[in-house]
Amino acid sequence: MNLATTESSPPLSLAIKGMHCASCVGRVEKAILLVPGVKTASVNLATERAEIRFDATPNLAPVVEAIKTAGYEPVMETAEFTVDKLNCASCVNRAEKAFMSVPGVLEAHVNLATKTAVATFATGTTDVAELEEAVTKAGYPTHERRDEGESENLSGSENGAQHHKHEDPSETQVLFRDFTIAGVLTLPVFILEMGSHLSHAFAHGIMDTIGLFPSHVLSFALTSLVLAWPGRRFFVQGVPSLLHGAPDMNSLVVLGTSAAFFYSTLVTFLPNLFPEASRQVYFESAAIIVTLILLGRALEAQARGKTGAAIQHLLGLKAHQARVLRHGEPVDVEIGRIKTGDIVVVRPGEKIPLDGTVIEGTSFVNEAMLTGEAAPVLKASDAEVVGGTVNLDGGFQFRVTRTGKDTVLAQIIRMVEQAQGAKLPIQALADRITAWFVPAVLGLAVLTFLFWFWLGPQPALSFALIQTVSVLIIACPCAMGLATPVSVMVGTGRAAELGILFRKGAALQSLAEVDTFAFDKTGTLTKGQPVLTDFVVLPSFSRDTILSLIASVETRSEHPIGKAIVQAAKQDGLATKPVEHFSAEAGFGIEAKIEGQRVTIGSDRLMAKQGIDVSPLAKEAAALANEAKSPLYGAIDGKLAILLAVADPIAPAAAEAIAALHKEQRQTVMVTGDRRETAEAIAKSVKIDRAIAETLPQGKRDVVEELKRGGHKVAFIGDGINDAPALAAADVGLAIGSGTDVAIESADVVLIRRQLTTVADALAISQATMRNIKQNLFWAFAYNVVLIPVAAGVFYPLFGLLLSPMLAAGAMAFSSVFVVTNALRLRQFIPAAQTATPAEGASHTGVAPLTAQAKGL
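Cut-offs and rules
Residues numbered from 1 in each chain as written. Predicted model: local features only at pLDDT ≥ 70, side-chain atom pairs only at ≥ 80, totals over all residues. Heavy atoms only, no water. Buried < 20%, exposed > 50% of the residue type's maximum accessible area, 1.4 Å probe, protein only. Helix = DSSP H or I, 4+ residues; strand = E, 2+ residues; numbered from the N terminus. Arc of directions from axis to C-beta. Pairing = 2+ DSSP bridges. UniProt positions renumbered as here; feature names shortened; annotations may be inferred. Core = buried A, V, L, I, M, F, W, Y, C linked by side-chain atoms within 4.5 Å. Contact = heavy atoms within 4.5 Å. Axes fitted to C-alpha atoms, helices over the stretch in contact; angles between N-to-C directions. Parallel < 35°, antiparallel > 145°, perpendicular 65-115°, else oblique. Left-handed = near helix turned anticlockwise from the far one by under 90°. Nonpolar A, V, L, I, M, F, W, Y, C, P; charged D, E, K, R; others polar. Patch = residues over 30% accessible without salt bridge, like charges linked within 9 Å, V, L, I, M, F, W, Y side chains within 5 Å. Areas by Shrake-Rupley, 256 points an atom, 1.4 Å probe, with all protein chains shown as cover. Salt bridge = Lys/Arg side-chain N within 4 Å of Asp/Glu carboxyl O. Polar contact = N/O pair within 3.5 Å; in protein donor to acceptor, adjacent residues only side chain to side chain. pLDDT = per-residue confidence, 0-100. Phe/Tyr/Trp six-rings, centres within 6.5 Å; stacked < 30°, edge-to-face > 60°. Lys NZ or Arg CZ within 6 Å of the ring centre and 35° of its normal.

1. Regarding helix α12 (residues 309-316)
And step 1. Of all the residues in α12, the buried ones are A310, I311, L314 and L315. An end-on view of α12 places all buried positions within 135 degrees of arc, on one side of the element.

2. Digging into the pairing of strand β21 (residues 580-585)
And step 1. Pairing of β21 with strand β22 (residues 589-594) involves 4 bridges; the strand directions are antiparallel. In the strand pairing of β22, S583 is matched with E591.
And step 2. In sequence, β21 turns back onto β22 through a hairpin of 3 residues, with G587 there showing a positive phi of about 85 degrees.

3. Re the UniProt feature "transmembrane region" (unreviewed entry) in the protein chain
And step 1. Sequence positions flagged by UniProt for "transmembrane region" (unreviewed entry) are, in local numbering, residues 174-192, 212-231, 252-274, 433-455, 461-484, 777-796 and 802-824.
And step 2. Along residues 461-484 the backbone is 88% helical and 0% strand, and the end-to-end C-alpha distance reaches 40 Å.
And step 3. In residues 802-824, the share of helix is 87% and the share of strand is 0%. The end C-alpha atoms are 33 Å apart.

4. Some thoughts on the nonpolar core
And step 1. Core analysis: the largest hydrophobic core is formed by 143 residues, its most contacted members being F81, F99, F502, L511, F517, F519 and L734.
And step 2. Considering each element in turn, this core owes the most residues, 16 residues, to helix α29 (residues 757-792).
And step 3. With near-sequence residues (within four places) excluded, F81 lies in contact with F99, K115, T116, A117, A119, V128, L131, E132, T142, H143, E144 and R145.
And step 4. Judged by nonpolar contacts, the second largest core, of 32 residues, contains L317, I413, F716 and A747.

5. Some thoughts on the environment of W454
And step 1. With respect to the helices and strands, the residue W454 is situated in helix α15 (residues 427-455).
And step 2. The exposure class assigned to W454 is exposed, which follows from its relative accessible area of 65%.

6. Structural notes on the sheet that holds strand β6 (residues 105-111)
And step 1. With antiparallel pairing, the 4 strands of this open sheet are ordered in space as β6-β7-β5-β8. In this open sheet, the two edge strands, each paired with only one partner strand, are β6 and β8 (142-144). Adjacent strand axes in the sheet meet at a mean angle of 25 degrees when their direction is disregarded.
And step 2. Two elements, strand β5 (residues 76-83) and β8, share 3 bridges in a ladder whose sense is antiparallel. Note that in β8 the partner of F81 across the bridge is E144.
And step 3. Relative to β8, helix α4 (residues 128-137) is tilted by about 160 degrees, and along the sheet it contacts β5, β6, β7 (116-122) and β8.

7. Some points on the sheet that holds strand β15 (residues 384-385)
As a general point, the strands of a sheet are linked pairwise by backbone hydrogen bonds and lie either parallel or antiparallel.
And step 1. Taken in spatial order, the 6 strands line up as β10-β9-β11-β17-β12-β15 in an open sheet, and their pairing is antiparallel. With one partner strand each, in any of the chains shown, β10 (329-334) and β15 form the two edges of the open sheet.
And step 2. Pairing analysis gives 4 bridges linking strand β11 (residues 343-346) to strand β17 (residues 396-402), with the strands arranged antiparallel. Looking across to β17, one finds that V345 is bridged to Q397.

8. A word on the environment of A117
And step 1. Along the chain, the position of A117 falls in strand β7.
And step 2. Note: C-alpha distance between A117 and A422 (305 residues apart in sequence) is 9.2 Å.

9. As for the packing of helix α16 (residues 460-474) against α29
When two helices pack together, their arrangement is captured by the angle between the axes and the distance separating the axes.
And step 1. At a minimum axis distance of 8 Å, the contact between α16 and α29 shows a crossing angle of 165 degrees. Judged by the angle between their axes, α16 and α29 are roughly antiparallel. When the axes of α16 and α29 are compared, the crossing they make is right-handed. Every residue of α29 that contacts α16 at Q467, S470, V471 and I474 is listed here: Y783, N784, L787, I788, A791 and A792.
And step 2. Residue composition of the contact of α16 with α29, grouped by class: 7 nonpolar, 3 polar and no charged.

10. A look at a nonpolar patch on the surface
And step 1. Taken together, V446, L450, F451, F453, W454 and L455 make up a surface patch of nonpolar side chains, about 650 Å² in accessible area.
And step 2. Position of L450 relative to the elements: it lies in helix α15.
And step 3. Under the relative-accessibility criterion, L450 is labelled partly exposed at 40%.

11. Considerations on the side chain of R503
And step 1. Of note, R503 is situated in the loop between β18 (500-502) and α19 (507-513).
And step 2. Relative accessible area serves as the criterion here: at 16%, R503 is assigned to the buried category.
And step 3. A distance of 2.7 Å separates the side chain of R503 from the backbone oxygen of A747, its partner in a polar contact.

12. Points about the confidence of the model for the protein chain
And step 1. Averaged over every residue, the pLDDT of the protein chain is 83; residues scoring 70 or more account for 89%.
And step 2. When mean pLDDT is compared element by element in the protein chain, β11 scores highest at 95, while helix α32 (residues 838-843) scores lowest at 36.
And step 3. Considering only residues more than four positions removed or in separate chains, one finds that residues 1-8, a stretch of pLDDT under 50, has 18 contacts.
And step 4. This stretch, residues 835-856, has a pLDDT under 50; its non-local contacts, to residues over four places away or in other chains, come to 45 contacts.

13. A few points about the packing of aromatic side chains
And step 1. Applying the stated criterion across every chain, the model contains 20 aromatic pairs.
And step 2. Between F463 and Y796, the aromatic rings sit 5.2 Å apart at their centres with planes inclined by 55 degrees, giving tilted as the arrangement. With a gap of 333 residues between them, F463 in helix α16 and Y796 in helix α30 (residues 796-799) connect regions that are remote in the sequence.
And step 3. Centroid distance W779 to F814: 6.0 Å. Interplanar angle 90 degrees. Geometry classified as edge-to-face. Here the residue W779 occupies a position in helix α29, and F814 occupies one in helix α31 (residues 805-824), the gap between them amounting to 35 residues.
And step 4. Sitting above the plane of the F535 ring, R543 keeps its charged end 5.3 Å from the centroid.
And step 5. The cationic tip of K609 hangs over the ring face of F588; the distance from NZ or CZ to the ring centre is 4.8 Å.

Here it is in structure tokens:
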């Protein structure tokens, strides 16, 4: 595709949001024109589009950043694709370049392990069809992946599951079939050629029975079949890559096998072209190279198919049908035809088909697939149920609230797929190396041939040829390309099975590098279900009257503390009264009028702000705070009336989770809006390192930024509701969900089991995955660094050490299999909490050191 623009070439058209007037147009145009390489820019307010012309090759990325910096939002789209015929890291680089060659594409990531791609492009500058065409023309047939929910609604869950398989089951079968054919054809060639080298008696027997020339002709015929039939795949992909000047691993195989085959063919049919000492045939090398590489690919495909086991397991949880009430009678209906509001009947032992709310009946439900907890959960009226969980002994009916792509299971699948397709920063080094790896190998092969042809032992031509073929075959960019993505696939998949969802794949690496874990208090370190424990009334006020007034105001609040006060008033049988002029100030408190009286409830900060003296109750407040209780003041018409204390119980296993992080030498911090005394009491209870108290909600982000400025890598753990700014500001944001709330946009990681031990588990699996990636990268690089010189004969003058093409092919095939197999070990990852006794593991009250299981990987 020729991207050079001229005066007559059409400009790129970019949609922009947020423009309201001519001044906006001027600012956007100015911002675009300041970008190097932009020739002209014309912004239209009516169409909300910018027409941009470039001096040379369009580069939209800096334009997009300039528009964002100016305060406006370019409209972007993201599409996912399936990319075929990816075999090595070089293929990945070329496919990514093909995506990026399309004007308007900002970024593209291709994943070798999943054979998928994600491209982000400016809306209106290009479309999916153009992207598919560009990458397909580059030699990698590409088509867009349909959304999980759409495929389900269109064709039912079975077809949807089939669509999302990471490795077409027929691919492995085809590779093993081709390997078998190649093996059958290669075996006679191997026996004829290698038998003659190994045994003089065998060689004489061949000469006396078949004859040398007929045996060579037979080897030629069988090897031709191997190359033209099962080995055809290498030529179909490798030759076009060579012709386009972009050689890949297939090209190396083509050059190596072709060199051995055509040299042997000339020696067989035109022997006089060569000196007598060089009249050696190497048909067996060409045939065995193809056979062994096919075996390696088959084993790799088989192993790679297992890396998607987590997704396949999740897809297997989807029901195909449900029993829906139609005119009062239960009728079996396909999942894709069920709508929100339908009533579904669930019988004992059945899988719950979709998300919904129970309206009739009670039962225990196994939610292990969602939360990782084996203990069944009681479901009664108004309880939420999730599709994919299993009903146990009772029957009930529920009203469907979410279908298709909106269900919790679909969201989980989508998150896992996105994380598995992500490209981690650690992969950048491998990408840079593989960009020039194959051309460098070709150059080394040429040098190897020339060196040994002129300086090698006799027969020099044969010697040079064999070492050149060995160099071409031993080089393996596949292992480099697979080193990171297969580990990411298995690691994020295993994490999902444990209720840890990495929404962003890069968080897998970032989390392992975190040295400071900052926790929100309410709902994170504590249960988030506070209870009213103390109520101190000044002599001139009545307890019941004041509690009734305060509870009336708190009925308008959604804060857990307010709910605790309302609950206490209900238990005392106190009625609430109508509220007027209600107002709330985050981090301070609330205020309203009831029957003409102004009622104020909040922190000492709010009282000080309104000029209300709290000194009469300050001593009691300090004492309560030292007991890890949260003191609040109440005032009537500007006069201090009462002191309330609310206690929020510590979350189960909070202390154990903090201890597990300390064992990993991580610093822990608690951030809360509570009084310092309360915060320090809770911090002491769970042995957290540092408590930062009296922080307003918007101040949590500032705390995170301050920690980062101090040189720390920070993870923030919150409930995902009011902690969004801090979650977004942290290097890694971990949101503790409720089991059903998995779409927490501000978090990098979602912990769908409300157990703090999962924070330690997330760190452990992140560390285990990064260790696995480093092992793979070390192997991939060390393999090539060590064996390519051996294949080139570098050690021959000193040690007489050489590598035959057949051994080179075997080693090359093994390298990729090794990387994938090593990544599969992550499937055996066991969280530290599960290494405790059965009783402890069930309740998650004990956490063993993270080193017990995770560091063995």
